[in-house]
Amino acid sequence: VQLQAFGGGLVQSGGSLRLSCAASGLYVMGWFRQAPGKEREFVAAISWNGGRTIYADSVKDRFTISRDNALKTMYLQMHSLKPEDTAIYYCAARRYSTPERLPDEYEYWGQGTLVTVSS
């Protein structure tokens, strides 16, 4: 399984950004992030058909996860960005049927894309 995340960049506080993750197949997929000096944390995940999504409380109502299976691509639309959203964002995939919050539940990881939110 190959995953490639892209779309990161520098954005001002309150701004928006959309991340994309191209996958080589159809899997349950998720977004995680890791800020400097902190552990990797869950952001959002989506079932293989898009029918179920879960979010971290810190991003709920600001971020939206979605996918286009025809393009084998997952997205993370981020609005109302805050400086504390600054991190490297990783996409991940798992072969099993349910979206999960723990990084250890995901077997495959992309290389990450940096999101920096300036105050």
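See the structure shown above.
Visitor: Which residues make up unusual backbone geometry, and what values go with them?
Guide: Even without a glycine there, the phi angle at Asp61 is positive, about 75 degrees. For Asp61, a relative accessible area of 78% corresponds to the exposed category. The phi angle at Lys72 is positive, at roughly 55 degrees, despite the residue not being glycine. As for its position among the elements, Lys72 is in the loop between β7 (63–68) and β8 (73–78). By relative accessible area, Lys72 is classed as partly exposed at 37%.

Visitor: Residues and numbers for the packing of aromatic side chains, please.
Guide: Scanning the model with the defined rule gives five aromatic pairs in all. Aromatic side chains Phe32 and Phe42 sit 5.7 Å apart centroid to centroid with 70 degrees between the ring planes, which places their arrangement in the edge-to-face category. One end of the pair, Phe32, is in strand β4 (residues 28–34); the other, Phe42, is in strand β5 (residues 41–46), with ten residues separating them in the sequence. Consider the rings of Phe32 and Trp109, whose centres lie 5.0 Å apart with planes at 55 degrees: the pair is tilted.

Visitor: Residue-level account of the pattern of salt bridges, with values.
Guide: Here the idea is simple: oppositely charged side chains can pair when their charged atoms come close. For the structure shown, the criterion picks out five salt bridges. The partner of Arg33 in a salt bridge is Glu41, and the shortest N-O contact between them spans 2.6 Å. The exposure class of Arg33 is buried, given its relative accessible area of 6%. Across the pair Arg94 and Glu105 runs a salt bridge, and its minimum N-O distance is 3.2 Å. Placement of Arg94 in strand β9 (residues 87–94) and of Glu105 in the loop between β9 and β10 (108–109) is noted, with a sequence separation of eleven residues between them. Taken together, the shared-partner salt bridges connect Arg33, Glu41, Arg62 and Asp85 into one network.

Visitor: Which residues make up the sheet that holds β7, and what values go with them?
Guide: In spatial order, the strands read β1-β3-β8-β7; together these four strands make up an open sheet with antiparallel pairing. Across the chains shown, the open sheet's two edge strands, defined by having one partner strand only, are β1 (3–6) and β7. On average, adjacent strands in this sheet sit at an angle of 15 degrees to one another, irrespective of strand direction. The sheet contact formed by strand β3 (residues 17–23) and β8 spans six bridges and is antiparallel. By the bridge assignment for β8, Cys21 is matched with Met74.

Scoring rules and cut-offs
Residues numbered from 1 in each chain as written. Predicted model: local features only at pLDDT ≥ 70, side-chain atom pairs only at ≥ 80, totals over all residues. Heavy atoms only, no water. Buried < 20%, exposed > 50% of the residue type's maximum accessible area, 1.4 Å probe, protein only. Helix = DSSP H or I, 4+ residues; strand = E, 2+ residues; numbered from the N terminus. Phe/Tyr/Trp six-rings, centres within 6.5 Å; stacked < 30°, edge-to-face > 60°. Salt bridge = Lys/Arg side-chain N within 4 Å of Asp/Glu carboxyl O. Pairing = 2+ DSSP bridges. Axes fitted to C-alpha atoms, helices over the stretch in contact; angles between N-to-C directions.

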